[in-house]
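# Working through the structure, step by step
Each chain, written out:
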Amino acid sequence: MATFTKSEEKSVVKQKNASTEQSTVKVRIIDFEMSGSDQSLQESLQTIAAALSRGGQTIQVSRQLTARAAQALNGSSAAAQEEPAEQVDDEETADIQDAQPRAVRKSAAPRKLPPVKILSGISFTDVDPPLKDFFESKNPGKNATAAYLVVAYWYKHVRGIEDLTPDHFHTAFRQVGFPTPKNVLTTMRELRRSSDGRLMAGSTPGTTAIHHLGENSVDGMGKGE
């Protein structure tokens, strides 16, 4: 066991006290949980760093940080609640729709008109009545519907030809000086429709014949004129 004098004991006590004072460390662990915008978080971290560099202001810093964090959170939530939903006016919608490219429709190719020709071997003058005289007596004028019916009637009852092609009508029109329509089939189709029925399909495929309704129409032409 070691022994010390009084002076030596005082020196040892001082050394122990000095050692004790120098080794005393006060540590406080701080746990933070923050949320908010980038700017508010950056300000809060700067405040914490400044508080840690100084002493004795821990309580004030905590209160200040809590108030700022609460203000940031309340401000962000209030902004989210107060922000109105974006509305789109009808005019803006119309502008957007008009700005969209519209599909360009390709123009349909023009239909080719059916070719017609003058038939040979048909006499229009060596019979009674000749076509021109019969046509003028019925006086169809410029009416294409009446002209088709008069020609079809004459072919059947004077020439004995019932099944007619577009060439038959074109050849007859040339004999009487009536202009053949650009589409010789248009009037024929209209007269063959069920709503009219004054012409009908012939016995030969692709031909047309006059119906008795068409004959009645021709019989009533030219009377009283």
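First, a word on scope: everything that follows refers to the structure included in this document. (Residues numbered from 1 in each chain as written. Predicted model: local features only at pLDDT ≥ 70, side-chain atom pairs only at ≥ 80, totals over all residues. Heavy atoms only, no water.)

### What to know about the overall build of the protein
The line we're drawing: Here a helix means four or more residues in a row that DSSP labels H or I, a strand means two or more in a row labelled E, and each is numbered from the N terminus. Relative accessible area decides the class of each residue, using a 1.4 Å probe on protein chains only: under 20% of the type maximum gives buried, over 50% gives exposed, and in between gives partly exposed. Only heavy atoms enter the contact rule, under which two residues are in contact if any of them lie within 4.5 Å.
When helices and strands are counted, the protein shows 9 helices and 2 strands. Ordered by position in the sequence, the α and β elements of the protein form the string α-α-α-α-α-α-α-α-β-β-α. The buried share of the protein, reckoned over its 225 residues, is 24%. Expressed as a percentage of contacts within the protein between residues at least 6 apart in sequence, the contacts between residues at least 24 apart total 58%.

### Quick look at the environment of Pro179
In this fold, Pro179 is placed in the loop between helix 7 (166–176) and helix 8 (184–192). Among the residues examined, Pro179 registers a relative accessible area of 58% and is labelled exposed.

### Re the packing of aromatic side chains
Between two aromatic rings, the relevant description is the distance of the centres plus the angle of the planes. Which entries qualify depends on this criterion: Planes of paired rings set the category: under 30 degrees apart is stacked, over 60 is edge-to-face and the rest tilted, where pairs are Phe, Tyr or Trp rings (Trp by its six-membered ring) whose centres lie within 6.5 Å.
Under the defined criterion, the tally for this structure stands at 9 aromatic pairs. Ring centres 5.2 Å apart and planes at 80 degrees place the aromatic pair Tyr148 and Phe173 in the edge-to-face group. Within this pair, whereas Tyr148 is found in helix 6 (residues 144–157), its partner Phe173 is found in helix 7, the two being separated by 25 residues in sequence. An identical accessibility class is assigned to Tyr148 and Phe173; each is buried. Of the aromatic side chains, those joined through ring pairs into one cluster are Phe135, Tyr148, Phe169, Phe173 and Phe178.

### A word on helix 7
Among the 11 residues in helix 7, 9 count as buried, and that is most of the element. Looking only at helix 7, the buried set comprises Pro166, Asp167, His168, Phe169, His170, Thr171, Ala172, Phe173 and Val176. Elements in contact with the buried residues of helix 7: helix 5 (131–138), helix 6 and helix 8. Note on helix 7: the residue one or two positions beyond its end, Gly177, has a positive phi of about 80 degrees.

### A look at the pattern of salt bridges
The cut-off we apply is this: We count a salt bridge whenever a side-chain nitrogen from Lys or Arg sits within 4 Å of a carboxyl oxygen from Asp or Glu.
All chains considered together, the criterion is met by 3 salt bridges. The shortest N-O distance in the salt bridge between Lys156 and Glu215 comes to 2.7 Å. In this pair, Lys156 sits in helix 6 while Glu215 sits in helix 9 (residues 212–219), placing the two residues 59 residues apart along the sequence. Judged by its relative accessible area of 26%, Lys156 is partly exposed.

### Structural notes on the packing of helix 5 against helix 6
Worth spelling out the cut-off: To define axes, lines are fitted to C-alpha atoms, for helices over the stretch in contact only, and angles between the resulting N-to-C directions are given on a 0 to 180 degree scale. Working rule for angles: under 35 degrees goes down as roughly parallel, over 145 as roughly antiparallel, 65 to 115 as roughly perpendicular, anything else as oblique. Note: crossing handedness is left-handed where the near helix turns anticlockwise from the far helix by less than a right angle, and right-handed where it turns clockwise. Note on residue categories: nonpolar means Ala, Val, Leu, Ile, Met, Phe, Trp, Tyr, Cys or Pro, charged means Asp, Glu, Lys or Arg, and polar means any other residue, Gly included.
The geometry of helix 5 relative to helix 6 is characterised by a closest axis approach of 10 Å and an angle of 135 degrees between their N-to-C directions. By the angle class used here, helix 5 and helix 6 are oblique. Along this stretch, helix 5 crosses helix 6, giving a crossing that reads as right-handed. Counted together, Leu131, Phe134, Phe135 and Lys138 of helix 5 and Ala147, Val150, Val151, Tyr153 and Trp154 of helix 6 form the full contact between these two elements. Its residues assigned to classes, the contact of helix 5 with helix 6 shows 8 nonpolar, no polar and 1 charged.

### Section: helix 9
Keep this limit in mind: Here, the arc refers to the directions that run from the helix axis to the C-beta atoms.
If you check which residues of helix 9 are buried, you get Gly214, Glu215 and Val218. Projected down its long axis, helix 9 carries its buried residues within an arc of 100 degrees, all on one side. Close packing links the buried residues of helix 9 with helix 5, helix 6 and strand 2 (208–210).

### Some thoughts on unusual backbone geometry
Residue Pro129 follows Asp128 across a cis peptide bond; omega there is 0 degrees. Within the chain, Asn139 stands out as a residue other than glycine whose phi angle is a positive 50 degrees. Relative to the elements of secondary structure, Asn139 occurs in the loop between helix 5 and helix 6. Accessibility expressed as a relative area gives 47% for Asn139, which makes it partly exposed.

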